[in-house]
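In case you want the letters, here they are:
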Amino acid sequence: MDIVPCEVCDSPINRGKRCRQCAAIHDALSADSRSDVTAITAAMRNSLRDGLFWCYYTGLPLVLDDSGSPYYRSIDHRTPGDRRDLVLCCLFVNEMKGDLDEAEFRSAIRALAACFETGQPLNLGEVRFQYRKRNWLGNRRSCGPTLKGISGPIVQEFVRSGMTDDELGGLLEEAKLAMRAEHRDGAG
Ligand SMILES: [Zn+2]
């Protein structure tokens with residue numbers, strides 16, 4: 001019987017490609033991520049040291065048997081959508097990374113840390129959330145039209161008319177009553 005090394009951990013096996021433990025983890029990661037099988041093997045190999053799998057981002061040992069743990073093993077696509085560029089990392093970091101690529105994620109975390117430390121508004125710089133369905137500016141300069149932007153033309157019209165506040169109030173009240181009357185007539 002041929003003895004070959006497990007393609008992940010190199011321990012001797014006499015059939016298949018992976019030892020029982022590596023096969024179980026490989027199968028689970030495969031099912032979770034629908035990623036390239038060879039890339040998962042490579043990610044596992046890169047993550048393995050001293051008999052443990054380690055998180056690519058945090059350097060912490062990954063939990064293999066408790067899916068409720070924040071340190072549970074998961075597959076991260078370093079670039080969202082690229083099924084061949086994979087690393088193993090802990091679940092909570094993977095969840096935070098979301099659909100950012102690695103460079104964006106690191107930038108976003110640094111910016112967030114600065115925001116927490118200084119109390120200044122978040123400055124995401126070049127993070128553009130390019131893998132989200134819509135493109136977003138890293139720096140949110142506006143939250144859509146401002147109140148001033150919306151009311152500006154009305155205010156200008158009011159100023160131009162030379163009307164006093166009371167006159168305007170009266171005008172609006174008249175308009176309201178007229179509208180109500182119209183509704184009543186329409187309904188009747
Ligand atoms: Zn193995």
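Placed above this text is the structure.
This text gives an overview of the structure that appears in the document.

Basis of the calculations
- Residues numbered from 1 in each chain as written.
- Predicted model: local features only at pLDDT ≥ 70, side-chain atom pairs only at ≥ 80, totals over all residues.
- Helix = DSSP H or I, 4+ residues; strand = E, 2+ residues; numbered from the N terminus.
- Buried ≥ 20, exposed ≤ 12 C-beta atoms within 10 Å, placed from the backbone.
- Contact = placed C-beta atoms within 7 Å.
- Core = buried A, V, L, I, M, F, W, Y, C linked by C-beta atoms within 7 Å.
- Axes fitted to C-alpha atoms, helices over the stretch in contact; angles between N-to-C directions.
- Parallel < 35°, antiparallel > 145°, perpendicular 65-115°, else oblique.
- Left-handed = near helix turned anticlockwise from the far one by under 90°.
- Nonpolar A, V, L, I, M, F, W, Y, C, P; charged D, E, K, R; others polar.
- Arc of directions from axis to C-beta.

**Considering the overall build of the chain**
(1) Moving on: The helix and strand tally for the chain stands at six helices and six strands.
(2) Moving on: Shown N-terminal to C-terminal, the secondary structure of the chain runs as helices and strands in the order β-β-α-α-β-β-β-β-α-α-α-α.
(3) Moving on: Counting all 188 residues of the chain, 17% fall into the buried class.
(4) Moving on: Once local pairs closer than 6 in sequence are excluded, the contacts in the chain between residues at least 24 apart make up 31%.

**Things to note about the pairing of strand 5 (residues 73–77)**
Residues in a regular strand project their side chains so that they alternate between the two faces of the sheet.
(1) Moving on: Along strand 5, five of the five residues are buried, which leaves the element largely enclosed by surrounding structure.
(2) Moving on: Alternating positions in strand 5 separate into two faces, R73, I75 and H77 on one and S74 and D76 on the other, with burial throughout.

**Observations regarding the nonpolar core**
(1) Moving on: Judged by nonpolar contacts, the single largest core of 18 residues is most densely connected at A43, M44 and L88.
(2) Moving on: Elements with a contribution of two residues or more to this core: helix 1 (20–33), helix 2 (37–47) and strand 6 (86–90).
(3) Moving on: Element by element, the count of residues in this core is highest for strand 6, at five residues.
(4) Moving on: For M44, the contacting residues outside a window of four places in its chain are V8, C22, I25, H26, F53 and L88.

**Some details on the pairing of strand 6**
(1) Moving on: Here strand 6 lies mainly inside the structure; five of its five residues are buried.
(2) Moving on: Burial of strand 6 is two-sided: the residues L86, L88 and C90 facing one way and the residues V87 and C89 facing the other way are all buried.

**Some thoughts on the packing of helix 1 against helix 2**
Angle between the axes and distance between the axes are the two parameters that describe a pair of packed helices.
(1) Moving on: Running from N to C, helix 1 and helix 2 cross one another at 125 degrees; their axes reach a closest spacing of 10 Å. Judged by the angle between their axes, helix 1 and helix 2 are oblique. Crossing handedness for the pair helix 1 and helix 2: right-handed. The segment helix 1 lies against helix 2, with C22, I25, H26, L29 and S30 engaging V37, I40, T41 and M44.
(2) Moving on: Among the residues making up the contact of helix 1 with helix 2, the classes are represented as six nonpolar, three polar and no charged.

**Side note on helix 2**
(1) Moving on: For helix 2, every residue scored as buried is listed here: I40, T41, A43, M44 and S47. Buried positions in helix 2, seen along its axis, are confined to an arc of 165 degrees and lie on one side of it.
(2) Moving on: If you follow the buried residues of helix 2, they end up packed against helix 1, strand 3 (48–49), strand 4 (52–53), strand 5 and strand 6.

**Brief notes about the environment of L64**
(1) Moving on: Of note, L64 is situated in the loop between strand 4 and strand 5.
(2) Moving on: Classification of L64 as partly exposed rests on a count of 16 C-beta atoms within 10 Å.
(3) Moving on: Taking the C-alpha atoms as reference points, L64 and C90, separated by 26 residues in sequence, lie 9.9 Å from one another.
(4) Moving on: Every residue in contact with L64, bar those within four places of it in the chain, is listed here: I25, F53 and R73.

**Here's the deal with the environment of R45**
(1) Moving on: By the secondary structure assignment, R45 is in helix 2.
(2) Moving on: Distance from R45 to V8, taken between C-alpha atoms, is 5.1 Å for residues 37 residues apart in sequence.

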